[in-house]
Structures are given as C-alpha cells and as structure tokens.
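So the chains spell out like this:
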Amino acid sequence: MYHVSTMLRHSEADNQQIGKKRHIGNNVVVIVFHESNMPFDPKVISSHFNHVFFVIKKIKSDPESKTMYRLWTTSKSGVGEHLPLLRKSRIFEKDEEFKRYLQCKMINAERASYSSKGFATAMMITRKGLLGQIYEIHDKKHVH
C-alpha cells in the first residue's frame, strides 16, 4: 500500500499534520514529486521504515508536447539493488509503460528493503510488540 500525501485527510487544527506523517512514515517506499531546484535530501524525513525514495521531477514541457519525468532513487544503506535497473537517461514519458515500470520498481525496492539490517530489526521489534499484545489479550480471556 502506498499513501499519497495530498490525498490524505488535511486537518486544519493540526499545523504539523501528524496523521499524514504517521501514514507516510510507515511506508517502506516513498515517492517524492520534487519541484525544487535544490537537491533532494532524504535525511529531512525521519522514519525507521522509509528505506527507498523515488524522486520524480517533471521536465518542463509546452502544452503541445508530451509530459516527461526525470526519475532517480536513493535508499538507506543495506538496501540491495532492485530491478528493473534505471535507464542511463532516467527520463520517462508520462504513459502506461512508465506507470508499469514504476510500480514494478517500487514493489521490488520494497522487497529488497525487507532484507536490509535496519528494516529487519525494526520489523522484529514491531512484530514482537504485536505478538505481545495478542498474547495479553488471549491470556486475559483464558484466565484460569
């Protein structure tokens, strides 16, 4: 599952948008639509689960030409290579082929993240906590 920040509920009462951050922060793979001329720095996003960032920048195009995107990825250390490999030009036309390519690349990036040391440790801690909660609920229901 992937979350789109602009489609998540916006809370006028919450200046920091904690709800949005919680959803995005729990994603393994994050897509960033980069509109700045400054380089993207994944360190600005603090999360134990975000491991791979797909950075997409729209290449200027006039109304009569096709929309094109430049794509690059960055990941936390320990995340292995994931297929399909990026083309040398890293420029893609906005079409169904790019959509399928991006989905395949994102799924494989998430799978590659699972075996990284940082992610495996975070998942072990999370699973241990969840199993502990299940045990407590079950134990309370079956008190002797």
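Attention here is on the structure that accompanies the text. Model, not experiment: these values are computed from the prediction.

**Focus: the overall build of the protein chain**
Then comes step 1: A count of helical and extended segments in the protein chain gives 3 helices and 4 strands.
Then comes step 2: If you list the helices and strands of the protein chain from N to C, you get α-β-β-β-β-α-α.
Then comes step 3: For a compact globule of 144 residues, the expected C-alpha radius of gyration is about 15 Å, and the protein chain comes in at 19 Å, more than 25% above that figure.
Then comes step 4: Among the 144 residues that make up the protein chain, the fraction classed as buried is 28%.
Then comes step 5: Within the protein chain, contacts between residues at least 6 apart in sequence are counted, and of these 44% link residues at least 24 apart.
Then comes step 6: In the protein chain, which carries 24 positive and 14 negative side-chain charges, the distance between the mean positions of the two groups comes to 5 Å.

**Structural notes on the nonpolar core**
Then comes step 1: One finds Val-29, Val-52, Phe-54, Leu-71, Phe-92, Phe-98 and Leu-102 to be the most contacted residues of the largest nonpolar core, which totals 20 residues.
Then comes step 2: Elements that contribute at least two residues to this core include exactly β2 (52-59), β3 (68-75), α2 (96-114) and α3 (117-141).
Then comes step 3: The element best represented in this core is α2, accounting for 6 residues.
Then comes step 4: If we skip the residues at most four places from it in the chain, Phe-54 touches Val-29, Val-30, Ile-31, Val-32, Leu-71, Trp-72, Thr-73, Leu-102, Lys-105, Met-106 and Ala-109.
Then comes step 5: Listed in part, the 7 residues of the second largest apolar core include Val-30, Val-32, Phe-53 and Val-55.

**Focus: the sheet that holds β3**
Then comes step 1: The strand order across the open sheet built from 4 strands is β1-β2-β3-β4, with neighbouring strands paired in mixed fashion. Two strands close off the open sheet at either side, each with one partner strand: β1 (29-33) and β4 (91-93). Averaged over neighbouring strand pairs, the angle between their axes works out to 30° when direction is ignored.
Then comes step 2: Each of β1, β2, β3 and β4 is contacted by α2, which is oriented at about 160° to β2, the strand it contacts most.

**Considering unusual backbone geometry**
Then comes step 1: Here the bond from Leu-83 into Pro-84 is cis, since omega is -10°, no more than 30 degrees from zero.
Then comes step 2: Residue position: Pro-84 is located in the loop between β3 and β4.
Then comes step 3: A positive phi angle, near 55°, is found at Arg-90, a position not held by glycine.
Then comes step 4: Residue placement: Arg-90 occurs in the loop between β3 and β4.

**Observations concerning the pattern of salt bridges**
Then comes step 1: Tallied over the entire structure, the rule returns 1 salt bridge.
Then comes step 2: Here Glu-93 makes a salt bridge to Lys-66, at a shortest N to O gap of 3.7 Å. With Glu-93 in strand β4 and Lys-66 in the loop between β2 and β3, the pair connects residues that are 27 residues apart, well separated along the chain.
Then comes step 3: Residue classification places Lys-66 among the exposed residues on the basis of a relative accessible area of 53%.

**Digging into the side chain of Gln-17**
Then comes step 1: By the element assignment, Gln-17 lies in the segment before α1 (18-25).
Then comes step 2: Side-chain polar atoms of Gln-17 contact the backbone oxygen of Ser-11, separated by 2.7 Å.
Then comes step 3: Those residues in contact with Gln-17 that sit more than four places away from it in its chain are Arg-9, His-10 and Ser-11.

**Quick word on α3**
Then comes step 1: Between the first and last C-alpha of α3 there are 36 Å, a value that for 25 residues agrees with the 36 Å anticipated at 1.5 Å per step.
Then comes step 2: Burial in α3 covers these residues: Phe-119, Ala-122 and Met-123.

Each value, and the rule that gives it
- Residues numbered from 1 in each chain as written.
- Predicted model: local features only at pLDDT ≥ 70, side-chain atom pairs only at ≥ 80, totals over all residues.
- Heavy atoms only, no water.
- Helix = DSSP H or I, 4+ residues; strand = E, 2+ residues; numbered from the N terminus.
- Rg over C-alpha atoms; globule rule 2.2 N^0.38 Å.
- Buried < 20%, exposed > 50% of the residue type's maximum accessible area, 1.4 Å probe, protein only.
- Contact = heavy atoms within 4.5 Å.
- Lys, Arg positive; Asp, Glu negative; His and termini not counted.
- Charge placed at Lys NZ, Arg CZ, Asp CG, Glu CD.
- Core = buried A, V, L, I, M, F, W, Y, C linked by side-chain atoms within 4.5 Å.
- Pairing = 2+ DSSP bridges.
- Axes fitted to C-alpha atoms, helices over the stretch in contact; angles between N-to-C directions.
- Salt bridge = Lys/Arg side-chain N within 4 Å of Asp/Glu carboxyl O.
- Polar contact = N/O pair within 3.5 Å; in protein donor to acceptor, adjacent residues only side chain to side chain.
- Expected span 1.5 Å × (residues − 1).

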